[in-house]
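# Tertiary structure, described
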Amino acid sequence: MFKITLNGVTKEVPYVTALALRELKEPMEILTEAERRRMSEDENERDKPLTKEQMDTVVSWFCLFLQRAFTPEEIYRYYDCDQLLQDALLCAMTVQRRVTAALQGFHLPLAGKA
């Protein structure tokens, strides 16, 4: 279904498992809160980072989404920090809306819009 490349290693993820849907609630809450903060007009709110525990929850779910193609340590070491939360949120939204077939690769251009 889609490919992801980290540190020069490309792996293909054939589909997203139902486990990603089952485990979506907490990461989705964290990601939507982070996005709300990012869009806030309040500078103090906008600059408030996620906690280590929140980041670990999101990265753990992202690895689950990727069918463990990469470990959390590899995500932390090699994934572009500017893209991680946005890509994880987009992935979470595709799972929530059951449209994961639209994904084609990372950084995540949607199929047909590359």
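Our subject is the structure listed above.
Now for a description of the structure that goes with this document. (Residues numbered from 1 in each chain as written. Predicted model: local features only at pLDDT ≥ 70, side-chain atom pairs only at ≥ 80, totals over all residues. Heavy atoms only, no water.)

This part covers unusual backbone geometry. Phi is positive for Gln-67, which is not a glycine, with a value near 55°. Among the secondary structure elements, Gln-67 is positioned in the loop between helix 4 (52–65) and helix 5 (72–78). Overall, Gln-67 belongs to the partly exposed group, its relative accessible area being 30%. Of note, Arg-68 is a non-glycine position whose phi angle comes to about 60°, a positive value. Structurally, Arg-68 is set in the loop between helix 4 and helix 5. (Helix = DSSP H or I, 4+ residues; strand = E, 2+ residues; numbered from the N terminus. Buried < 20%, exposed > 50% of the residue type's maximum accessible area, 1.4 Å probe, protein only.)

Regular strands show a simple pattern: their side chains alternate between the two faces of the sheet. Residues Phe-2, Ile-4 and Leu-6 point to one face of strand 1 (residues 2–6) and are all buried, whereas Lys-3 and Thr-5, pointing to the other face, are not buried. Sheet analysis places strand 1 next to strand 2 (residues 9–13), joined by 5 bridges and oriented antiparallel. In the strand pairing of strand 2, Thr-5 is matched with Thr-10. Linking strand 1 back to strand 2 in an antiparallel pair, the connection comprises 2 residues, with Asn-7 at a positive phi of about 55°. (Pairing = 2+ DSSP bridges.)

Right, let's get into the environment of Cys-63. Within the secondary structure, Cys-63 sits in helix 4. Through-space distance from the C-alpha of Cys-63 to that of Ile-75 is 8.0 Å; in sequence the pair is 12 residues apart. Dropping the residues within four chain positions of it, Cys-63 is found in contact with Arg-68, Phe-70, Thr-71, Pro-72 and Ile-75. (Contact = heavy atoms within 4.5 Å.)

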